[in-house]
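If you want the building blocks of each chain, they are given just below.
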Amino acid sequence: MVDANVSTSAETAEQSLEELLRAAHEASPTELPLALDRYTEAMNMGRAVVFLIDLRQRLLMPLEEGEPRLELDHSLAGFAYRTDSVRVEEESTGGLTVWLPLLNGAERLGVLQLRMASLDGLRLWRCRTLASLLALVITAKRTYIDTFAQRTRTRSMQLPTEMLRAFLPPRSIGTGRVVSTAVVEPAYELGGDAFDHSFTEDVLHATILDAMGHDLASGLTTSVAMAGSRNARRTGADLAALVTTVDEALAKWLPDQFCTGVFLQLHMPSGALRWSNCGHPTPLVIRRQRLLGKELERPAEPPLGLPAWLSDAPRQIYETTLEPGDRVLLYTDGVVESRDEGGEQFGLERFADHIIRSTAAGQNAPEMLRLLIHAILDHRHSELSDDATILMIEWHPPGP
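Quick caveat, the model's predicted, so the values are computed rather than measured.

A. The sheet that holds strand β13 (residues 284-287), seen in detail. Spatially, the 6 strands line up as an open sheet ordered β7-β8-β17-β16-β13-β14, and their pairing is antiparallel. Only two strands of the sheet have a single partner each, and these edge strands are β7 (172-174) and β14 (290-292). Going from strand to strand, the sheet's axes swing by 20° on average, the running direction of each strand aside. Here β13 runs beside β14; their pairing, made up of 3 bridges, is antiparallel. By the bridge assignment, V285 is partnered in β14 with L292.

Next comes the structure, spelled out in structure tokens:
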């Protein structure tokens, strides 16, 4: 026989969750925290506060006005975000504060804070469920509610950057077999760099682009290239046809502009990798904590938008097969060419060494790139002379 108190509690929980879902569908940015508080109070989970990660991944910004910002590298909330784990601390006045990461798949959105008198297994399960639900709500609503963008910015953004960021996908995507994650800097003055990644059936598509110049025309060039790539991909074009579509789009609409780029397709079940490199730095492979700098090196191809001027030959598509655990790194030249005050470049070896050491430390893929881009910024004292974009793919097929 089911205990009556347990049954009533479960029924109350279901009703409260249904009310929260209904309210979340209709809530404005100011009403969402109120709806959330009604649910957590009904479930004896205390008051809830949502913190979103800022664009540079250094601060956790409260969704509600009046709450303090939290430093990512010096707070328990930041530790929950960095490690994708639940953290619990005792308050000096009694009770507990629970920090839960807000995750939508591989994407890290921020953390949820809950204050309560005590914590047991059932309540922890409900906390986790609530955090998962909130991540989905935030992901859906941020496409048309600018409040989320406002909360995650610490300064004004330049127009070319606003245009480019409108095209960028989530920083991280993933399945049980693969994770693709990226970072871009400078966050508020991005010129012509961009990345893209997505899934179709059992294939991961990844792209990195770097347009000539650092102005609105550069951002427009990258945007046209990305739109051409997505248009071809969504009509089922193979990789060669996709690159040709981008070439033709730039030649037609922006004949005086060009950009470099890498287009990559990974068959997730087998690890088969196909790519086309259009005048861009050679992608790197890290295998068993060793840098294989020339694993994907092939004869140079002209930048996107220029083949008709330089050659009648079709684009070359190359193929190889990854090994389980391989990491593929796409990057723009602003990453390795960044120089400190003494003129020393950041360099490929230092670039790869950061990934290898982060792997040995057990850090997840998005955290690896967050630390790496901050190391590059610190190398330049936060003033980059060129855009710096990195996209990393980790392939981990399921075991037999």
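B. How the structure looks around the packing of helix α7 (residues 216-234) against helix α8 (residues 239-253). The contact between α7 and α8 brings their axes to 8 Å, and the two run at 140°. The angle between the axes of α7 and α8 places the two elements in the oblique class. Every pair of crossing elements has a handedness; the one defined by α7 and α8 is right-handed. Where α7 abuts α8, its residues T221, V224, A225, G228, S229, A232 and R233 lie against L242, T245, V246, A249 and L250. Grouping the constituent residues of the contact of α7 with α8 by class yields 7 nonpolar, 4 polar and 1 charged.

C. Representation of the packing of helix α11 (residues 348-360) against helix α12 (residues 365-379) within the structure. At a closest axis distance of 10 Å, the pairing of α11 and α12 adopts a crossing angle of 140°. Crossing handedness for the pair α11 and α12: right-handed. Together, R350, F351, H354, I355, S358 and T359 of α11 and M368, L369, L371, L372, A375 and H379 of α12 make up the contact between the two elements. When its residues are assigned to classes, the contact of α11 with α12 shows 7 nonpolar, 4 polar and 1 charged.

D. A look at the nonpolar core. L250, F263, L264, L266, L304, V328 and I393 are the most contacted members of the largest nonpolar core, which has 45 residues in total. With 6 residues, the top contributor of residues to this core is α8. When neighbours within four sequence positions are excluded, L250 is seen to be in contact with T221, V224, A225, P255, C259, L304 and G305. Counting residues in hydrophobic clusters, the runner-up holds 33 residues, among them L20, A23, A48 and V98.

E. Highlighting the confidence of the model for the protein. For the protein, per-residue confidence averages 89 on the pLDDT scale, and 94% of positions sit at 70 or higher. Note that residues 1-8 has pLDDT below 50 and, in this model, 1 contact with residues that lie over four places away or in other chains.

F. Structural context of the environment of S172. By the element assignment, S172 lies in strand β7. A C-alpha to C-alpha distance of 25 Å links S172 and R126, two positions 46 residues apart in sequence. Ignoring sequence-local partners within four residues, the contact set of S172 consists of A106, E107, S180, T181, H197 and P366.

Rules used throughout
- Residues numbered from 1 in each chain as written.
- Predicted model: local features only at pLDDT ≥ 70, side-chain atom pairs only at ≥ 80, totals over all residues.
- Heavy atoms only, no water.
- Pairing = 2+ DSSP bridges.
- Helix = DSSP H or I, 4+ residues; strand = E, 2+ residues; numbered from the N terminus.
- Axes fitted to C-alpha atoms, helices over the stretch in contact; angles between N-to-C directions.
- Parallel < 35°, antiparallel > 145°, perpendicular 65-115°, else oblique.
- Left-handed = near helix turned anticlockwise from the far one by under 90°.
- Contact = heavy atoms within 4.5 Å.
- Nonpolar A, V, L, I, M, F, W, Y, C, P; charged D, E, K, R; others polar.
- Core = buried A, V, L, I, M, F, W, Y, C linked by side-chain atoms within 4.5 Å.
- Buried < 20%, exposed > 50% of the residue type's maximum accessible area, 1.4 Å probe, protein only.
- pLDDT = per-residue confidence, 0-100.

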